[in-house]
Structures are given as structure tokens and as C-alpha cells.
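A look at the structure
Listed below, chain by chain, are the residues.
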Amino acid sequence: MGNILTILVALIFVAAIFTPFLYGVWRQKTGLYLSFIPLLIFICLLVEALHLAPHEGFILDTPIVFLPGMNLAFRIDGLTLIFGLLISGIGFLILLYSAKYMAKYERQGHFYTYLMFFMGSMIGMVFSDNLIIMFMFWEITSVASFFLIGFDHHREKSRQAALQALLITGFGGLSLLFAVILIGNICGSYNVSDLLRQHIHVGNHPHYYLILTLIILAAITKSAQFPFHFWLPGAMEAPTPVSAYLHSATMVNAGVFLLMRLYPVMGGTVFWKYSLMITGCITMFLGAFFALGQRDLKRILAFTTISALGTMVLLVGIDTTDSLKAALVFFIVHGLYKGGLFMVAGIVEKTTGTRDIYALHGLFRSLPITAIVTLLALVSMAGLPPMLGFIGKELIYEAKMQLPDVSWLILPLSVGANIMLVAVAINIYYQLFTKKKDREDIVLHYKEREIPFTMLLGPVVLAISGVLLGLYPQMLNALVSNALYFMGNIVYDTKLSLWHGYNDVLRVSIFTVLSGILIFILRKPVTKLIVKMIVWFDIYHLPTLFTNSINNYLKGAARSTNRIQHGYHRYYLLTFFLVVMALVALQLFRMKNMEITDTAPGPVKLHVLMLLIVSSLAVVYTVFTKSRLAAIIALGVSGYGIAMLYLYYGAVDLAITQFLAETVLMVIFVLVIYYLPEFAILSNKKTRLRDGIISLGIGVFVTLVVLEARFLQLNEPISGFFAENAYTMAHGGNIVNVILVDFRALDTMGEIAVLTLAATGVYSLFRFQIKTIKKLKRRGSQELTEPDSNN
Amino acid sequence: MEHLIAIFIGLLYACGVYLVLRRSIVKVILGIFLLSNATNLIIFMAGGIKRGGVAIIEEGAEVADPSLISDPLPQALILTAIVISLGMSAYILALKYRYFDVTGTHDLDQLKNTDQR
Amino acid sequence: MNNVILEKTTRLFLKVMAIISLYLLFRGHNSPGGGFIGGIVLATGFIFYGIVFGSNEIKKIIRFNSRTWMGIGLSLVILAAVIPLFFGEEPLTGIWYEGLWPLLGTVHLGTPLIFDTGIYVGVAGLILSVIITIMEVLEWNT
């Protein structure tokens, strides 16, 4: 079984790469065929889930090696199975759905590539046992989501939203990498299974707060928590299948998953508790609050998603067994109803052409199936029986009530949020499906019969599973217990049931529903108030603020780049020389005990002195002469002087080469010289003076460095080796030549290659010119010869 | 003696740097030649120079006394460097000629933008 | 340039330079000389020849394109690098043959000689290529 799973996950990536080609063959059926892969994965995982022993998790090792010593290994336990089942299951439905939904889009092949990459990396992220590999998959999901959100890349808004999402989640990814490396360093292993087996907890480590901050940053950016929540509504620019997939059960839940996965290693401290609770609370309340004021169906759903994510983070933060259980169940609940609702939003948009809920009404008659499915999903969202949502909400209330020290704050907030969610749910249904007498009927682009069954299948299946799990919640018991065992190391027998008995929790629930209905009845003043508040909030409009700060940053970068990269060749060199000079000066200053005076200077030979003087004069003349030819000849003189110097110190080969090279160079230069412009004084006097001073300074420093370097005593000069072995090993008497052709032959080989390149370069620079010259000549000679032949 | 050569190298560098900082491209090329020569000399000096002592093993002898000959390794390196700089100089000259041909200017300040004709 | 003496001298100079360069190449392993120096000496002879007679004359003498000569040099170098592989050694190891030949006495032959010859041909080809290209552009052909 395990092997099949591995192969299937690999197959996703393979399919992702080949999708553009497959699309060429399968066209509109691509999504349909591709959906078999997640379906098979779902079945595999279901089988695993049914066979999973209560307190057992295991590792599927694979031969795929990402990094040395880090195999791609899959970890199968309750937590990963819950996430994996939802990801693959909803993935299957989404692929079916997008086969039709995307039918009119361009570049569908690319769309499926991104979607498959996203799906594969999401599954990989959830199951990978190694934290580093998990991070890699985490980043792939960010990148894939960037392409998916910006799929309509011809729209400015879409591109902006995609960039925003990428920047924010990418920032989170960086902090995750940092945190993961720190954890690995502290614990000595990057493997989750090792961490769990050894019961390592980093709570007492001095770096704990740093790591925790980084992890929380990663989680709240990915899971769109306040104050990073704004990328999620922006991401609604994506095609609806993308929103339905990324923003219901997968991408945004990655942060929650991360918190749950690392809970045994990091969790349970006061800092963990309060930071997560505060973030979660704010997000939960704000999300629900903003959802009430929206008109766009997808945006409403986005804000309710934010609220739901806040709830999950809050539950993880409350940090009791019950709250963790509630978080897990709520994750399932949310994935089921939100995925369905997004798909419904897509159907409504396709059939009516708008997503504005206030522009629609009375769709029940024309879209009965959709309406019923929506009703079920909304009931789950509002937390009413008999849906699984009811169980989830009951558990949440129960968990929150257990915490006497903070429940006075959390409970009102979450009840408030839930009241608003109930109102939102009723409002959506009321606006979309009930008929208003005073308005005309909505004209549909399609009838429901014409909606292909693959599009309806998604919401229907999700709604039905919501009902089924609500009626028979004990199906989840084993999985949740197992997940709890690996999260809290608690042996806990989960018993989920629809009916808890008449207690405080139920009373709060009833109160919630009733208040929700009340708000719905008062919806007009309430929405007006909320819209007013949203306008007021817009002064601190986070997306704009974010975009502006990014833009300003880019402007600043461009400005500084223009200043540094000014394009003036000599100022680059000047900077370079000055910096080198400063560094050399610093080093010379640090080596205060220079030993120049210690060694007696060698005897000054008169003929060498003459040589140096002549060469120096030639060099100075090169600089100041106005004649090009004179400059070159003076340069040659100095070169010959250097050759003589080599000869004087016994480097015969060197001297010969220098002589010859200097000669050849002068010949080439003289050939070209009269085709080059005359020397002109382009700089003014001030610049020349400045350059003169700088170059003199550099000369002085170079002199000092040479003097210093000359007395460098390397421990054992390697030259002795050459002197001793040149004849015995390489059968050559000329040591320099032996080094060139034998000991260091590889260098020489490289050099010959470089020379070949240089010659080829010269040729290719002139190739066209030579060709035109030849052509002209041929024409010219023809003109010349033709009259001759006539004669 | 070595001090004098060190000063000579310094002079070569000063002149080379001055030429490289000019705006006229011909002068820049001359500067590059000077700098490459000077750098070769530095390498030569850094090896520790000795009067005489050609780095050749006598006929019939098996080994040479490292203390008597001048260091062969920097010599081999410089030999390579000289030939390479010969090839490079030829290339720079050709490039310069072509550049002047196409743009008609020899002022480097005119060459600020990459997309310039 | 119709200077008979100059032309005769140039032809002679080229031959002398060629012989000297070969001499420098072959003695390079034991005395000053070698592939680099030999190659540049040979090229100098050709440059002088070219200045007097024009680049087309050089082309006639060297038969192949000068860049082909560079290629030949490079191939020789690579050959010298590859040969040791057949003797089970690392690439570029010197493989030596030592034997007693009639008339010549003891003969040392080895892959470094091939290597050095490659450098000789390559360097000469490089300088010739550059010179010929520049001369053609400057229309120094006749």
C-alpha cells in the first residue's frame, strides 16, 4: 500500500510537468483524467486510515534523496491522514470541477500544471517527515499559488494580488526555514518522528522565544491571520476553482497544520498560548465582522474563511486536549462546507454572470440542486444540527468554556463571531435563493440541467459527507484519537456524537442562533453601520499600505542603484582603487612592525640603475606625450626594460618571452594606431590633478606592499620540489618549461584555450567588415576587368 | 637594489592607474598594458629574487640546488601571464578599433548607456 | 614595394626564423626555449613577411586557415592530455619512451613534446590569426 502512495505522489509531479503536452492530446478532458490521481491517493489514504491502529504512526521510506542523508519519507499518522484525506479528496473534486469551469480559459495546460504542482507539494508538505523537506514543499505551494492567483495575468488587480500573496507567504517561508534550522540544531534531528519519539521540547532553550516567534510568523502569514489577513480577500481574483481549493482546505490551513505538527515540540508555554489566542481571537472576530459588509459572494466567503482560520489558531492556542480535538474536527468541518460554498459561488457566477449577492434573487426555482446543497453547507457553517458543523461548534464552545481564566474574553468574542456567521449564512441564502416579489426574474446564461454533472458533483459530495459525518460522527473517532495521541501524547478516546444533552454549551448555541436571526432581521441598519466602519478602516487600508510600502521600497532601490551604477567607467575604477587603497593602508597600519629596515638592501648595480631610470623615463613619457606613436614606442621601451630586468635575475625564458611579446604587441599597435583617434585632453585640470594624486598614492602603496611581500617567508617554498624532481620525474632540465608542460600542464592547456578564444573574438569582431571589404573588392575588380575584356 | 625595483613597480602602477582613469579609450588601453607588466613584476618580486642562478639543471646533474637558482614557479606563472596578456591586448585593440568604427567616439563618458549606438 | 633586397631578405628572414623557432622548441625541455617562445618567434617571422608582402602571401604559405592551425595546436595539446589514459595513468601525465636508435644514439621522446608542439602551433596560429584579421581589415593585402 505504502509504495503505491509514494508512486502516486510522484505521479502528481510527473503529471504536472507533462500536463502542457497532455493538454494537447486530451484538451477539455485533461482535468477529468488528471483527477484520477488524487482520487487514487484518496482511496489509498482511506485504506490506511481504516487500518490505522489507535496509537500507531509509521514512516514510508522512499529511495528519493533530496539532500544528503535526507530521504523523502512519508509520515502516516492521524494528523497527516486527516489533512491528506481532505487535500486529496477536495483536489479530486476540484479537478473535475475545473475541467468544465476552465473550459473557456486560455492556457489551460499551464493552469493544470500549476494546480498539480500545488496539489503534489501540499500533500508532500503534510506527509513529509523531514522538516527541511517540509519547508521545501511549503515554498513550492507559495510559488504555485502565486501562479494560480495571478492566472488572469492580463488583469492588473490579479497580478497585484498574486504578488501580495507571494511576498507575504514568502516572508513566512523564510522565517520557517530559519526556525526549522534552529530546531534541527537544538534537537539534533530534522525528522518529526525522531522529535516525537524522543519527546523533545525546546521550551527551556534560550532560543525558544526566537524560534516560536518565527514559527508563529510563518503560520500566521500562511494562514492569513491578522495583521497579514489581507492577502486572502485579494486572492479572490483567482479563478474560482483555485479559491475553492487553496482557500478552503489546503494552502491557508498549512499554517494551522504547522502549529499542530510542532505542538509537541514547541507548544504549551504561556507565550505560545497567549500569542496564538490573541491573534486567533482578533482574526476570528474581524473576519466575521467584515464578512457581513461584503457584497461579492467570493469575498464574503474569503472573510468567513479568515474567521474560521482564526478560530482554529485560537483553538490550538487554548491548548487543552478538548481544544485540539475541536480544532481538528473544525478543520474537517470547514474544509467540507467552504469547499462546497466556493464551488457554488463559481456555479452562480457561471450561470448568472455576477457574484454580487444583492443583485441576485429567486434562484431556487432555476437552480434547485445548487440551492439545496448551499443550504446544507450554510447550515454547517452556521453550526446547526444535523451537520458536522454543529458538532464542531459545540466542541469549540466546550473547549472555550473550560478555560476559566480567559473564557470571559474569548467566549463573548467567539459567540459574537458565530452570531455574525449565522447572520451571514442566512443572508447568503436569503439573497440568492428566495424570491423577492418586487424584482424581475434573473435571466440565466445556462439552465441547471445544462450544468455538467462534474461541476455539481463537488458541492453535492461535500454537502452529503457533511451530513453523513454529522449523523455518524463516530467514524472520525479513531482518526482524531490517533492524531491527538501524536500531538499531545495523550491516550484519549474520542467520542463524537451529535447530541450532548441539554447543557451550557447547547444553551449558548441556541442563544447564538437566535441572535444570528435577530441580526439578520436587522440586517439593513447593521450592514450600513458595518460598511461605514469599513470605510473608516480603509484609512488604514492594509493592502494599499502594503502595496505603497513595496512601491516605495522599489523606488528607493532604483534610486540608489542609479546612483551607484552611474555608467561612468572611470568612477567605477576610482571607487575600486580607493577602496583597495584604504584596505591596504589599514593592513599596513596593523602590521606596524614592518621589517623593511632590517634587511640590508642589496648592492646597487650601476647598469641596472641605468636600466631602471631609462624605463621609468619611458613610462612617464608614455603618460604625458601627445603623440600616439611616441607613446607606444615608449611603452615598448619600458617593456624591454622589464625584460632586461628578468634577464638580470636569471629568468631567461621569461626575458625572451617578454621581448617577443612586447615586439608583437607593438607591431599590432602600430598597425592599428593611425586608424585610432588622436590623443585629446578630455578632462579638465582639476580632474587630472585629482587622478594624479590618487594614482601616485596607489603607486606608493603598491611599493610598500611589494616591499612587504618580498619578505614574506613561506614555510616551505614549493619550488624546491620542482628543482629536485624536474629531471628525475619529468626528464627535463629547463625547470620553467617542465613546469609549463608537465607539472602544471593543465594550466597551460587552459591558457591555450583562452588564447584561442581571444583570437576567435578578434576574428568575429571583424568578420562582417572583412566580408564587405571582399565583396566591394570583387565588385571593384569586376568593374575594372570588364572594360578590359571589351577591348 | 630590490627597493629600487619596488619603487619602479610603484611608478608603473601610478602611471597605469592614471592612464586607466582617463576618458580617452586609447590611453585606457595603454594603462592596461602598463598595469599588466607591473603586476608580472610584482609576482616576480614576491618569489624572492636572486642574482644569477638560471633555473636550469646542469647537463649530467640530477637535481638543482634550490638555493642557487631563482625560483622557477613564478617564472612559469609569469610566462603564462605574458602570453595571455598578449592575446588579451590584441583583443582589446581589435575591440577598440571596432568600437571607434561603430560609434565614432573615443570618449568613454559617451559610453554610459549600454543600449547606445 | 618593389625593393628586391628587402624581398630577398624577408624570404630569408622567414626561413631563418622558422628554423630558429623549431630549434627553440626542441631544445626547450633542457635549455631556455619551448613552445611559447618558439611560437612567438615563428609568428614574428611571419609578421615581418606579411608587412612586406601583404597578408595574402602569409595565407598562401600557411596553406590552412590560421584558425585551423590554432585548432590543430589545441588538438595536439588535448592529444597529449589523453594519451596517458591509454597507459592507465592520470590525464596529462608524461609518458616517456627511451631507446637506442641507430645514428642518433639514446633518444628521449614523450608526451610533453607533443604538448609543447601543440603550444607552439597554437601560439603561432593565434598571433597569425590576429595579424591576418587586422591586416585584412586595414586592406594590407597586396
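Residues numbered from 1 in each chain as written. Chains lettered and ligands numbered in written order. Predicted model: local features only at pLDDT ≥ 70, side-chain atom pairs only at ≥ 80, totals over all residues. Heavy atoms only, no water.

Some points on the interface of chain C and chain A
So the rule is basically this: In what follows, a contact means two residues having at least one pair of non-hydrogen atoms within 4.5 Å. As a working definition, buried area equals the accessible area (1.4 Å probe) given up by two parts on being put together, with both sides summed. By convention in these notes, a salt bridge is any Lys or Arg side-chain nitrogen within 4 Å of a carboxyl oxygen on Asp or Glu. Per the convention used, a helix needs a DSSP run of H or I reaching at least four residues, while a strand needs a run of E reaching at least two, with both numbered from the N terminus.
Counting residues at the interface gives 45 residues for chain C, matched by 42 residues for chain A. Of the roughly 3800 Å² buried between chain C and chain A on both sides combined, carbon and sulfur atoms contribute 77%. Among the residues chain C hides against chain A, the three largest losses belong to His29, Phe36 and Val137 of chain C. Together they make up 14% of the total. For the pair chain C and chain A, the number of links is 0 salt bridges. Only α2 (35-53), α4 (66-86) and α5 (111-137) of chain C provide two or more residues apiece to the side of chain C that touches chain A. Looking at the side of chain C that touches chain A, the element that brings in the most residues is α5 of chain C, giving 15 residues.

What about the pattern of salt bridges?
Think of it this way: side chains of opposite charge can pair up when their charged atoms draw near. In this structure the tally under the stated criterion is 13 salt bridges over all chains. For Glu156 of chain A, the salt bridge identified is with Arg159 of chain A, shortest N-O distance 3.7 Å. A residue pair is termed a helical-turn pair when its members lie 3 or 4 positions apart in one helix, as Glu156 of chain A and Arg159 of chain A do in helix α7 (residues 156-187) at 3 residues. For Lys59 of chain C, the salt bridge goes to Glu136 of chain C, with nearest N and O atoms at 2.3 Å.

Describing the confidence of the model for chain A
What counts here: The predictor attaches a confidence to each residue, and that confidence, scored 0 to 100, is pLDDT.
Summarising the model, chain A shows a mean pLDDT of 82, and 93% of its residues fall at 70 or more. The low-confidence segment residues 786-791 of chain A (pLDDT under 50) makes 1 contact with residues lying over four places distant or belonging to another chain.

Topic: the environment of Phe64 of chain C
Residues and elements named next belong to chain C. Put simply, the rule reads: Only protein chains enter the accessibility calculation, which uses a 1.4 Å probe; a residue is then buried when its area is under 20% of its type maximum, exposed when over 50%, and partly exposed in between.
Looking at where Phe64 falls in the secondary structure, it is placed in the loop between α3 (55-62) and α4. Taking the relative accessible area as the measure of exposure, Phe64 reaches 43% and is therefore partly exposed. In this structure, Phe64 is in contact with Trp69 and Ile72, ignoring residues within four places of it in sequence.

Side note on the interface of chain A and chain B
Frequently, the measure chosen for interface size is the accessible area that the parts lose on association. Inclusion rule: Each polar contact in these results corresponds to two N or O atoms within 3.5 Å; when the atoms are within protein, one needs to be able to donate a hydrogen and the other to accept it, and residues that are neighboring in sequence are counted only if both atoms are side-chain atoms. Side-chain classes are defined by residue name, with Ala, Val, Leu, Ile, Met, Phe, Trp, Tyr, Cys and Pro counting as nonpolar, Asp, Glu, Lys and Arg as charged, and the others, Gly among them, as polar.
On the chain B side, the residues contacting the 94 residues of chain A number 83 residues. Of the roughly 8400 Å² buried between chain A and chain B on both sides combined, carbon and sulfur atoms contribute 76%. Across the contact surface, chain A and chain B share 1 salt bridge. Here Arg22 of chain B ties to Asp691 of chain A by a salt bridge, and the two come within 2.3 Å at their closest N and O atoms. Inspection of the chain A/chain B interface yields 3 residue pairs in polar contact (both at pLDDT 80 or more). Looking at the side of chain A that touches chain B, the elements with two or more residues in it are α24 (569-590), α25 (606-624), α26 (628-648), α27 (652-673), α28 (685-710), α29 (719-730), α30 (735-743) and α31 (745-790) of chain A. Ranked by residues supplied to the side of chain A that touches chain B, first place goes to α28 of chain A with 14 residues. Broken down by class, the residue content of the side of chain A that touches chain B amounts to 58 nonpolar, 26 polar and 10 charged.

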